[in-house]
Amino acid sequence: MEKLIVTAALTGNVPHRDMTPHVPLTPSEIAADVRRCADAGASLVHIHARDQKGKPTLEKAVFQETARRIKTLAPDIIIQLSTGARAGREWEARATPVRLLPEMASFTTGSNNLPGIVYENAPDFLLFLAGVFQETGVKPEIEIFEAGMISNALFLQQKLLLTPPLHFDFVLGARGAMPGTVKNLVFLADSLPSGSTWTVAGIGAAEIPLATAAIAMGGHVRVGIEDNLRLPDGTLATNAQLVDIVITIAQTMGRDIASPDEARRILSLDPKNKDRILTQID
Ligand code: ZN
């Protein structure tokens, strides 16, 4: 089995200080938490930006500041920026994180309900954003909330807008999307074209059980406060604690952990692009 890639999703768009004191919000808090997650064994971080009031933003300067601080404190870790819609709906704004040339950015290939919103990713927007990924050479992590989103990704591949091998993230257990069950995870993993890689992000109490299933199945794992606030005993978690739990489970099960460079090889990332984001930081 391939070594395990552990992604830390530190901030997201929803958690705020009233929900947990452990969510990092500012660029310096995020970078310091990335370092702690790297020390715990994460090789990839999924990054959202917040404005000075803690609200989700797609502001270029905030992503730049966050990336600059991460590159200083944890230069080897793979940076994946979010293109999620809670921070803004305008097409170019949502493409901003991709145009900053991180090694990876997230790309949700379809629409569904999420708590309080329609997460809208219409067909013409998918063509637009896939084109930006193609033009920049940034590797998308294709976020799958519903099975039909896999078909949409394969359609974009047919249109030569996505280049295989594709990498997917199954986000399971959000209200409005597919429930976080092992049965759904097995079905989705079996629905991918051969040669694909995948990770799972279980929401809430589904996080650690789905991580454990993914470790056994040969997939990869995303954990963090974006997806789940609590340890299995119900107490509020830090991001590094959630990473540490997954590493311990993997080691107990005999699955080795991928370093950032090993994760680059598994995900077919071009090592030349490792520091490309630094060229986009003023
Ligand atoms: Zn996210």
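Quick caveat, the model's predicted, so the values are computed rather than measured.

(A) Spotlight on the overall build of the protein chain. Counting its secondary structure elements, the protein chain contains 9 helices and 12 strands. For 282 residues, the compact-globule estimate of 2.2 N^0.38 gives 19 Å, and the protein chain sits close to it at 17 Å. When the backbone C-alpha atoms are referred to their principal axes, the protein chain occupies close to 45 × 40 × 40 Å. Put simply, the protein chain has 282 residues, and 55% of those count as buried. Considering only intrachain contacts with a sequence separation of at least 6, the fraction spanning at least 24 residues in the protein chain is 73%.

(B) Representation of the environment of Ala32. Its location among the elements puts Ala32 in helix H1 (residues 27-40). Classification of Ala32 by relative accessible area gives partly exposed; the value is 27%. Considered as a pair, Ala32 and Met178 are 146 residues apart in the sequence and their alpha carbons are 33 Å apart.

(C) Focus on the pairing of strand S11 (residues 197-202). With 6 of its 6 residues buried, S11 lies for the most part within the structure. Of the two faces of S11, both are covered, the one formed by Thr197, Thr199 and Ala201 as well as the one formed by Trp198, Val200 and Gly202. Two elements, strand S10 (residues 167-172) and S11, share 6 bridges in a ladder whose sense is parallel. In the strand pairing of S11, His167 is matched with Thr197.

(D) Spotlight on the sheet that holds strand S5 (residues 78-81). Overall, parallel pairing links the 8 strands, which are arranged S1-S2-S5-S6-S9-S10-S11-S12 in a closed barrel. The mean angle between the axes of side-by-side strands here comes to 25°, regardless of whether they run parallel or antiparallel. Pairing analysis gives 3 bridges linking S11 to strand S12 (residues 220-223), with the strands arranged parallel. Paired with Ala201 across the bridge in S12 is Arg222. Docked against the sheet, helix H6 (residues 182-190) engages strand S9 (139-144), S10 and S11, running at close to 160° with respect to S10.

(E) Expanded view of the packing of helix H3 (residues 91-99) against helix H4 (residues 123-136). The interhelical angle for the contact between H3 and H4, taken along N-to-C directions, is 25°, at an axis separation of 10 Å. Classed by the angle they form, the pair H3 and H4 counts as roughly parallel. Relative to H4, the crossing made by H3 is right-handed. Of the residues in H4, those in contact with Trp91, Glu92, Arg94, Ala95, Val98 and Arg99 of H3 are Asp124, Phe125, Phe128, Leu129, Val132, Phe133, Glu135 and Thr136. Tallied by class, the residues present in the contact of H3 with H4 amount to 8 nonpolar, 1 polar and 5 charged.

(F) The arrangement of the packing of aromatic side chains in detail. Summed over all chains, the structure comprises 6 aromatic pairs. One aromatic cluster in this structure is built from Trp91, Phe125 and Phe128.

(G) View of the coordination of the zinc ion. Coordination of the zinc ion by the protein involves His46 (NE2), His48 (NE2), Glu226 (OE) and Glu226 (OE), with metal-donor separations of 2.0 to 2.8 Å. Each of the 4 donor atoms bound to the zinc ion contributes to angles spanning 51 to 126°, and the resulting shape is irregular. Sequence spacing among the residues donating to the zinc ion works out to H-x1-H-x177-E. Placement of His48 in the loop between strand S2 (44-47) and strand S3 (49-50) and of Glu226 in the loop between S12 and helix H8 (239-252) is noted, with a sequence separation of 178 residues between them. Classification of Glu226 as partly exposed rests on a relative accessible area of 21%.

(H) Spatial organisation of empty space enclosed by the protein. Counted by the stated rule, this structure contains 1 cavity of 30 Å³ or more. Around the largest cavity sit Asn13, His48, Ala49, Thr57, Leu58, Phe63, Ser82, Gly84 and Ala87, which together line it. Partitioned by chemical class, the residues of the lining of the largest cavity number 4 nonpolar, 5 polar and no charged.

(I) Representation of the layout of surface pockets within the structure. Considering only enclosed or pocket space, the largest pocket measures out at about 650 Å³ in volume. Forming the walls of the largest pocket are 31 residues, and the residues nearest its centre are Val14, Arg86, Leu114, Ile203 and Glu226. Secondary-structure elements contributing two or more residues to the lining of the largest pocket are strand S6 (104-108) and strand S8 (117-119). Grouping the amino acids of the lining of the largest pocket by side-chain chemistry returns 14 nonpolar, 11 polar and 6 charged. As a volume, the second largest pocket reaches approximately 310 Å³. Surrounding the second largest pocket, 18 residues form its lining, Gly137, Val138, Lys139, Pro140 and Thr163 being those nearest its centre. At the level of secondary structure, the elements contributing two or more residues to the lining of the second largest pocket comprise H4 and S9. Of the residues assigned to the lining of the second largest pocket, the class counts are 9 nonpolar, 6 polar and 3 charged.

Calculation criteria
Residues numbered from 1 in each chain as written. Predicted model: local features only at pLDDT ≥ 70, side-chain atom pairs only at ≥ 80, totals over all residues. Heavy atoms only, no water. Helix = DSSP H or I, 4+ residues; strand = E, 2+ residues; numbered from the N terminus. Rg over C-alpha atoms; globule rule 2.2 N^0.38 Å. Buried < 20%, exposed > 50% of the residue type's maximum accessible area, 1.4 Å probe, protein only. Contact = heavy atoms within 4.5 Å. Pairing = 2+ DSSP bridges. Axes fitted to C-alpha atoms, helices over the stretch in contact; angles between N-to-C directions. Parallel < 35°, antiparallel > 145°, perpendicular 65-115°, else oblique. Left-handed = near helix turned anticlockwise from the far one by under 90°. Nonpolar A, V, L, I, M, F, W, Y, C, P; charged D, E, K, R; others polar. Phe/Tyr/Trp six-rings, centres within 6.5 Å; stacked < 30°, edge-to-face > 60°. Donors = N, O, S within 2.8 Å, 3.2 Å for Na, K, Ca; no water. Tetrahedral: all angles 85-135°; square planar, octahedral: opposite > 155°, others 65-115°. 1 Å grid on protein atoms, 1.4 Å probe; cavity = no way out; pocket = protein on both sides within 12 Å on 5 of 7 lines; lining within 4 Å. Points joined across faces, edges and corners; volume = space filled by probe spheres on them.

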